[in-house]
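Chains, contacts and geometry: an overview
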Amino acid sequence: MPRKPIVGGNWKCNPKTLEEAQKLIGEWKNQVPLDKRKIDVFACPMMPHLLKVKLPMEKLGISACAQNCSKTGEGAFTGEVSAAQLKDARVQWTLLGHSERRTKYGETDEEVAEKVSQALAAGLKVVLAIGELLDEREASKTDEVNERMLKPVVAKVKEEDWSRIVIAYEPVWAIGTGKVATPEQAEETHAAIRAYMAKAVSEDVAEKVRIQYGGSVTVDNCAELIKKPNIDGFLVGGASLKASFMEIVQKSTPPPVLKKPKWSKITDLNPTTKGFNCMLKCTKAAAQVEGTEGVFEAVCGDDTGMCTVSFRNKDLCDICKEGASLRMQNAAVRMVKGGYMRLVVDKWSAFKPADEPVDFEVKTSNDVSSVEYELVDAWPD
Ligand code: PEP
């Protein structure tokens, strides 16, 4: 089951006035409506604004998220807001452990874990931010730091409660600096966090927990990042204070998935095809494309023709062997310079062994990979 993407906006101590906050929500309203079935979206205004803009935000399908909550309950705790008070104010989410809380207000890993405990006990959902400082990355301590931050949380949270936690991996050197982690750097760290969760909690939780990337995410870099298999969305700071935040949401929304596949043939392909479903036989096993880092290609076909299939998930090479019968769902057509057509299998596509061996011979005389179409898109995208 693919994980549902989740994108959040952390407004921090912004904007200055309620009027500006309301204006921003108004601007979001004028954008394409978001599809709540496909993506979860939240925003974290500061507390007095949060309660004022909560309803207008919820009308757009955006959940209200606090930026923090107390590690203690109600009582003589001046300046604090308890998790139960947030819940009582109908706030469903809270962000916890943001690096600014950790570095500027001295929150320790244990205190963050205590807050997570309080929030879960009150029935809230939690966005748990973790991430390393620049010198920690330079000392190759990224995974060690993330594990150190997760460990006290793991010790306090019951396995079933992880369904109410989203991890936001935010390298501190990328927050508010305009210096975004490369998709490869982010993917590598997200995969390591997932591997730690498998070891420390369970395979099931590791598979299901959503991991957002945060750190200078913008409309321009989000599309590349969201393609990575372990990146499940974003925690956005500066760019969430703009109308174009909704473009980041749009770009993170999975493409349409056909529920009941209508099986098509290779000759049905055209340059704009999306959501393509086909039964295939592999005629040339998958191999890495020369000169690329992690782009794999195979040739597959049916009784109408053959096509080149590209993907970045190395594991697919294991099933994409010569002669293998394959079921492909929700692939898309891409073009490269020179009018070369290929099918692309991304993280929202299925490319699996067919339930039964296909009973056709591949029409090798008709290779649609090299059909001359007008250039519509460039690979890799
Ligand atoms: C953040 O504050 O969580 C954040 C990621 O900020 P920015 O997007 O501005 O780097």
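Attention here is on the structure that accompanies the text. (Residues numbered from 1 in each chain as written. Predicted model: local features only at pLDDT ≥ 70, side-chain atom pairs only at ≥ 80, totals over all residues. Heavy atoms only, no water.)

**With respect to the overall build of the chain**
Test applied: Helix numbering and strand numbering both begin at the N terminus, where a helix is a DSSP run of H or I of at least 4 residues and a strand a DSSP run of E of at least 2. Note that the radius of gyration is over C-alpha atoms, with the globule rule given as 2.2 Å times the number of residues to the power 0.38. Partly exposed residues are those whose accessible area sits between 20% and 50% of the maximum for their type, while under 20% is buried and over 50% is exposed, using a 1.4 Å probe and protein chains only. Residue contacts are defined here by distance: any two heavy atoms, one from each residue, within 4.5 Å place the two residues in contact. The Shrake-Rupley method, run with a 1.4 Å probe, gives the accessible areas here. Residue values count only the displayed protein chains as cover. Only four residue types enter the charge count: Lys and Arg as positive, Asp and Glu as negative, with His and the chain ends excluded. Charge positions are represented by NZ for Lys, CZ for Arg, CG for Asp and CD for Glu.
If you tally the helices and strands in the chain, you get 11 helices and 14 strands. Against the 2.2 N^0.38 benchmark of 21 Å for 381 residues, the chain shows a C-alpha radius of gyration of 23 Å, consistent with a compact globule. Along the longest, intermediate and shortest principal axes, the C-alpha atoms of the chain span 80 × 45 × 35 Å. Within the chain, buried positions represent 50% of all 381 residues. Partitioning the contacts of the chain with sequence separation of at least 6, the portion at a separation of at least 24 is 70%. Entry remark: accessible area of the chain is about 18,400 Å², with carbon and sulfur atoms responsible for 51%. Distance between charge centroids for the chain: 5 Å, based on 53 positive and 55 negative side chains.

**Here's the deal with the site of the ligand**
We count it as follows: Nearness here has a simple test: a residue counts as near a molecule or strand if at least one of its heavy atoms is within 4 Å of that partner. We define a polar contact as two N or O atoms separated by no more than 3.5 Å, with the added condition that, inside protein, one atom must be a possible hydrogen donor and the other a possible acceptor, whereas residues neighbouring each other in sequence contribute only through side-chain atom pairs.
K12, E170, G176, S216 and G237 are the nearest of the 14 residues found near the ligand. Between the ligand and the protein, one listed contact pairs an oxygen atom with a side-chain N or O atom of N10 at 3.4 Å. G238 places a polar main-chain atom, nitrogen or oxygen, 2.8 Å from an oxygen atom of the ligand.

**A word on the packing of aromatic side chains**
Rules: A pair of aromatic rings is counted whenever rings of Phe, Tyr or Trp (Trp by its six-membered ring) have centres within 6.5 Å, and the orientation is called stacked for planes under 30 degrees apart, edge-to-face for over 60 and tilted otherwise.
Evaluation of the coordinates by the stated rule reveals 6 aromatic pairs. Consider the rings of W11 and W28, whose centres lie 5.8 Å apart with planes at 70°: the pair is edge-to-face. In this pair, W11 sits in the loop between strand 1 (6-10) and helix 1 (18-29) while W28 sits in helix 1, placing the two residues 17 residues apart along the sequence. Across this residue pair, the class does not change: W11 and W28 are buried. Aromatic side chains Y169 and Y213 sit 6.4 Å apart centroid to centroid with 55° between the ring planes, which places their arrangement in the tilted category. Within this pair, whereas Y169 is found in strand 6 (residues 165-169), its partner Y213 is found in strand 7 (residues 210-214), the two being separated by 44 residues in sequence. What makes Y213 buried here is its relative accessible area of 0%. Through a chain of ring-to-ring contacts, the aromatic side chains of W11, W28 and F245 assemble into a single cluster.

**Observations concerning helix 1**
Formally: Every helix has an expected span of 1.5 Å times one less than the residues it contains. This arc corresponds to the set of directions leading from the helix axis out to the C-beta atoms.
In a regular helix each residue adds 1.5 Å, so 12 residues correspond to 16 Å; helix 1 covers 17 Å between its end C-alpha atoms and thus fits that length. Here helix 1 has its buried residues at A21, L24, I25 and W28. Across the axial projection of helix 1, the buried residues extend over an arc of 100°, all falling on one side. Structural note: helix 1 exposes E19, K23 and K29 on the side pointing more than 90 degrees away from its buried face. Looking at the buried residues of helix 1, the elements they touch are strand 2 (40-44), helix 2 (47-59), strand 3 (62-66) and helix 11 (245-252).

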